[in-house]
Amino acid sequence: KILSALGRTAEAEQRLRDVFALDNIDNSHFALAEAWLGQLAAQAGKTSEADAYFQKAMTARGFSALDQVEPMEEACALYGHFLLQQNRLSEAEQRFREALEWRYQNSSKGWYGLACLYAKKNDQKQALDCLEKALDSWYPIPEPILEEPLFKKIRKTKRFRELMAKHFPVSAKQ
């Protein structure tokens, strides 16, 4: 994540590929590595390649469900955001709801994804309801919310300002 955020995508991709080379025995974290390879491919404009990585990440693995919760929750959310960018809204919703299922409806990533989806559909009430659930489920930092282009309209609402002030009191004062 860090290398990608720093714009060092080639290095990030190589590190992810090294995961498979170092430990070629399939494990629950392969799904997350595949999802991040999908994310990198999407950022590079390689839509078909990205979709293939994400679909592979969604492949059921024969591990304990407890071992799969965190990597699968994140992989589902990443795939959901990719699908949202492709305007494949019903598929995106399915992946965000799957992220919720991995955390028994307590996935900040799943709720945040649904907030983005409803914002894209111009359903402000649903977007704010889902954003509130994401924040209540522990969404740790305000910047992605404040910078999310899909939230442009809801950022103007009183309810949005109240949610941000409640969950990020220091940021709200700045």
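Thresholds applied
Residues numbered from 1 in each chain as written. Predicted model: local features only at pLDDT ≥ 70, side-chain atom pairs only at ≥ 80, totals over all residues. Heavy atoms only, no water. Core = buried A, V, L, I, M, F, W, Y, C linked by side-chain atoms within 4.5 Å. Buried < 20%, exposed > 50% of the residue type's maximum accessible area, 1.4 Å probe, protein only. Helix = DSSP H or I, 4+ residues; strand = E, 2+ residues; numbered from the N terminus. Contact = heavy atoms within 4.5 Å. Polar contact = N/O pair within 3.5 Å; in protein donor to acceptor, adjacent residues only side chain to side chain. Salt bridge = Lys/Arg side-chain N within 4 Å of Asp/Glu carboxyl O. Axes fitted to C-alpha atoms, helices over the stretch in contact; angles between N-to-C directions. Parallel < 35°, antiparallel > 145°, perpendicular 65-115°, else oblique. Left-handed = near helix turned anticlockwise from the far one by under 90°. pLDDT = per-residue confidence, 0-100. Phe/Tyr/Trp six-rings, centres within 6.5 Å; stacked < 30°, edge-to-face > 60°.

**Section: the nonpolar core**
Counting 51 residues, the largest nonpolar core has Y112, L114, L131, I145 and F151 as the members making the most contacts within it. When contributions to this core are tallied by element, the ones reaching two or more residues are α2 (9-22), α3 (30-43), α4 (47-57), α5 (65-85), α6 (89-102), α7 (108-120), α8 (124-136) and α10 (158-167). The leading source of residues in this core is α5, at 9 residues. For Y112, the contacting residues outside a window of four places in its chain are H81, L131, A134, Y139, P144, I145, E148 and F151.

**Some words on the side chain of E73**
Examined against the element boundaries, E73 turns out to sit in helix α5. Of the residues examined, E73 reaches a relative accessible area of 4% and is grouped as buried. Looking at E73, its side chain comes within polar contact range of the side chain of S107, at 2.6 Å. Apart from residues lying up to four places away in sequence, E73 is in contact with Q68, A99, W102, R103, S107, S108 and K109.

**Some remarks on the pattern of salt bridges**
As enumerated under the stated definition, the model contains 13 salt bridges in all. Note that E73 and R103 form a salt bridge whose closest N and O atoms lie 2.8 Å from each other. Separated by 30 residues along the polypeptide, E73 in helix α5 and R103 in the loop between α6 and α7 bring together distant segments of the chain. What you see here is one network of salt bridges that share partners, running through K125, D129, E132 and R159.

**Observations concerning the packing of α3 against α4**
For any two helices packed against each other, one specifies the crossing angle of their axes together with the interaxial distance. Running from N to C, α3 and α4 cross one another at 165 degrees; their axes reach a closest spacing of 8 Å. Of the possible angle classes, the one that applies to α3 and α4 is roughly antiparallel. Between α3 and α4 the crossing geometry is left-handed. Only E49, A50, Y53, F54, K56 and A57 of α4 make contact with α3, whose side of the interface consists of A31, E34, A35, L37, G38, Q39, A41 and A42.

**Here we look at the environment of Q124**
Within the secondary structure, Q124 is located in helix α8. Residue classification places Q124 among the partly exposed positions, given a relative accessible area of 33%. Non-local contacts of Q124, meaning those with residues more than four positions away in its chain, are made with K153, I154 and T157.

**Structural notes on the confidence of the model for the chain**
Predicted coordinates in regions of low pLDDT should not be interpreted in detail. For the chain, mean pLDDT is 87; residues scoring 70 or higher make up 87% of the total. Taking the mean pLDDT of every element in the chain, the minimum, 66, falls on helix α11 (residues 169-173) and the maximum, 97, on α7.

**What to know about the packing of aromatic side chains**
Enumeration according to the criterion identifies 4 aromatic pairs in this entry. The interplanar angle of 25 degrees and the centroid separation of 6.2 Å between the aromatic rings of Y79 and F82 together place this pair among those described as stacked. Placement of the pair is Y79 and F82 together in helix α5, with a separation of 3 residues, close to one helical turn. Taken together, a centroid distance of 5.6 Å and an interplanar angle of 80 degrees make the contact between Y112 and F151 edge-to-face. Here F151 lies in the loop between α9 (143-147) and α10 and Y112 lies in helix α7, a separation of 39 residues in the sequence. By the ring-pair criterion, three or more aromatic residues cluster together here, those being F54, Y79 and F82.

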